[in-house]
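# Notes for the structure review
Single-letter residue listing:
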Amino acid sequence: MAHAGVHYTVEVASLHAHLFRVTLHIAQASAGQTVSLPVWIPGSYLVREFAKHLQHLQAKQNGKTCAITQLDKCTWTVACQAGELTLSYEVYALDNSVRTAWLDAARGFFNGTSLCLRVHGQEQQAHTLQLPAVASQAAWQVATGLEPVKVNAKGFGLYRAENYDELVDCPVEMGDFWRGEFTACGVPHQFVVAGALPSFDKARLLADAQKICEAEIQFWHGAHSSKTPHRRYVFMLNAVGDGYGGLEHRNSTALICGRRDLPRLGETKTSEGYTTLLGLISHEYFHTWNVKQLRPFEMAQYDYTQENYTELLWFFEGFTSYYDDLLLRRAGLIDDATYIKLLNKTLNQVLQ
């Protein structure tokens, strides 16, 4: 297919200045088109003000520059006529978390909520994303849950989303990462790890992740594993000196762990750090159902411009935190004693 009516090109403006350049092409903009950048990302329930990292916003129509007026902290209106419109801007990316965006000479990562302006009135249209290869980084490749349309062997090229919600719910990982694959209950899964040491036991991580995914698919669907909400799934793990966290998406998750928590070749026993990592994998994968499918009425349609209030975080996070360790036990990855220890740790944290 050709580009959709709303089309983004995300390229590297400067690795060393940590800048992405975004070009947004709107095939049929409305007169006085309004655009905005989300202030929060679903799954991470705090206002983050992503627009503070957006700079040099410009708009052109028929070769002429259009005036832009900022309406509030994250919303702009363009003095344009109805018709074709192109916007360009840069985004500063130096937050090495799962929530926003990161760019340096070793790795690139972004969530659409940090980079992709929302075109008001066209959110339900198909959106496309072009990822050009980074000329200076020949070894880099791409991982994302977005549907590829026309990509090269390394994953650079054109991707498609049904609407804006899907576009920003599929983060993108770029770099010279390790990639492995497995199938769980007939569903293909991909696991990519950035920043791992050569001693990392890749086969063990894949085998253990497969056991977790199969246990969870069977938990939710029983014998009907063909009814999973995702046709494929991508784990994106960033191994760092010190860090921990994850953020769920519809058919992928972004994870962070300490390098020392990865399994090591020749190691037979399971370290406490690796058990914690397996719990994180279990937790974020469980959110594929509890949060991404089971959603409260207040979040049936996200409002990206402000806080979205709900009294159900105890259910989203509480139930998920209960089942993440229990499903490690059911998958045979920990024994009873370890499970009781993990349960005791959780109870103490909650009581404190």
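Everything that follows concerns the structure shown earlier in this document.
Residues numbered from 1 in each chain as written. Predicted model: local features only at pLDDT ≥ 70, side-chain atom pairs only at ≥ 80, totals over all residues. Heavy atoms only, no water.

## Some points on the pairing of strand S12 (residues 127–131)
In regular strands, side chains alternate between the two faces of the sheet. Among the five residues that make up S12, four are buried, leaving the element largely enclosed by the rest of the structure. With four bridges joining them, strand S1 (residues 6–14) and S12 adopt parallel strand pairing. Residue pairing for S12: Thr-9 is matched across the bridge by Gln-130. Inspection of the sheet shows S12 paired to strand S15 (residues 157–161) by five bridges, in the antiparallel sense. Residue pairing across strands places Leu-129 opposite Tyr-159, the latter belonging to S15. (Buried < 20%, exposed > 50% of the residue type's maximum accessible area, 1.4 Å probe, protein only. Helix = DSSP H or I, 4+ residues; strand = E, 2+ residues; numbered from the N terminus. Pairing = 2+ DSSP bridges.)

## Notes on the sheet that holds strand S16 (residues 172–175)
The antiparallel open sheet is built from four strands, whose spatial order is S9-S10-S16-S13. In the strand order of this sheet, the two ends are held by strand S9 (101–103) and strand S13 (141–144), each with one partner. Strand-to-strand, the axes of this sheet are offset by a mean angle of 15°, without reference to chain direction. Here S9 runs beside strand S10 (residues 107–110); their pairing, made up of three bridges, is antiparallel. Counterpart to Trp-102 in the pairing with S10 is Phe-109. (Axes fitted to C-alpha atoms, helices over the stretch in contact; angles between N-to-C directions.)

## So, unusual backbone geometry
Here the phi dihedral of His-18 falls at roughly 60°; this positive angle occurs in a residue that is not glycine. In this structure His-18 comes out as buried when scored by relative accessible area, which is 18%. Positioned with a positive phi, His-56 is a non-glycine residue whose angle comes to about 55°. Mapped onto the secondary structure, His-56 falls in strand S4 (residues 54–61).

## Topic: the pairing of strand S20 (residues 245–248)
Of the pairings in the sheet, the one linking S20 to strand S21 (residues 252–258) comprises four bridges and is antiparallel in character. By the bridge assignment, Glu-248 is partnered in S21 with Thr-253. Between the antiparallel neighbours S20 and S21 lie three residues.

## A few points about the environment of His-3
The residue His-3 is located in the segment before S1 in this model. Once residues lying within four places of it in the same chain are set aside, the contact partners of His-3 are Thr-128, Gln-130 and Leu-158. (Contact = heavy atoms within 4.5 Å.)

## Structural notes on the layout of surface pockets
As a volume, the largest pocket reaches approximately 750 Å³. Counting residues per element, the lining of the largest pocket draws most heavily on helix H6 (residues 336–351), at eight residues. Across the lining of the largest pocket, the residue classes break down as 10 nonpolar, 11 polar and six charged. Taken as a whole, the second largest pocket spans an internal volume of roughly 430 Å³. Taken together, 18 residues line the second largest pocket, and the ones lying closest to its centre are Glu-166, Pro-229, Arg-231, Arg-250 and Asn-251. If you list the elements that add at least two residues to the lining of the second largest pocket, you get strand S14 (147–151) and S15. For the lining of the second largest pocket, a count of residues per class yields four nonpolar, four polar and 10 charged. (1 Å grid on protein atoms, 1.4 Å probe; cavity = no way out; pocket = protein on both sides within 12 Å on 5 of 7 lines; lining within 4 Å. Points joined across faces, edges and corners; volume = space filled by probe spheres on them. Nonpolar A, V, L, I, M, F, W, Y, C, P; charged D, E, K, R; others polar.)

## Considering the packing of helix H3 (residues 202–221) against helix H5 (residues 313–330)
Two elements in contact, H3 and H5, have axes separated by 9 Å at closest approach and are oriented at 110°. Taken together, the axis directions place H3 and H5 in an arrangement best described as roughly perpendicular. For the pair H3 and H5, contact is made by Ile-212, Ala-215, Glu-216 and Phe-219 and by Tyr-323, Leu-327, Leu-328 and Arg-330, respectively. For the contact of H3 with H5, the class distribution of residues is six nonpolar, no polar and two charged. (Parallel < 35°, antiparallel > 145°, perpendicular 65-115°, else oblique.)

## As for the environment of Leu-205
Looking at the element boundaries, Leu-205 is found in helix H3. Judged by its relative accessible area of 0%, Leu-205 falls in the buried class. The spatial distance from the C-alpha of Leu-205 to the C-alpha of Leu-262 is 8.0 Å, given a sequence separation of 57 residues. In this structure Leu-205 touches Phe-191, Val-193, Phe-200, Pro-263, Tyr-274, Leu-277 and Ile-281, once residues within four positions along its chain are discounted.

## Digging into the side chain of His-127
Structurally, the position occupied by His-127 is in strand S12. The buried category is assigned to His-127, whose relative accessible area is 1%. Side-chain polar atoms of His-127 contact the backbone oxygen of Gln-125, separated by 2.7 Å. (Polar contact = N/O pair within 3.5 Å; in protein donor to acceptor, adjacent residues only side chain to side chain.)

## Let's talk about the sheet that holds S20
Pairing in this open sheet of five strands is mixed, and the strands run S17-S18-S19-S21-S20 from one edge to the other. This sheet does not close on itself; its edge strands, each paired only once, are strand S17 (178–184) and S20. Sheet twist, expressed as the mean angle between neighbouring strand axes with direction ignored, is 15°. Against the sheet, H3 makes contact with S17, strand S18 (187–194) and strand S19 (233–240), and its axis sits at roughly 35° relative to S17, the strand it touches most. Here helix H4 (residues 272–286) sits on the sheet and contacts S18, S19, S20 and S21; the angle it forms with S21, its principal contact strand, is near 160°.

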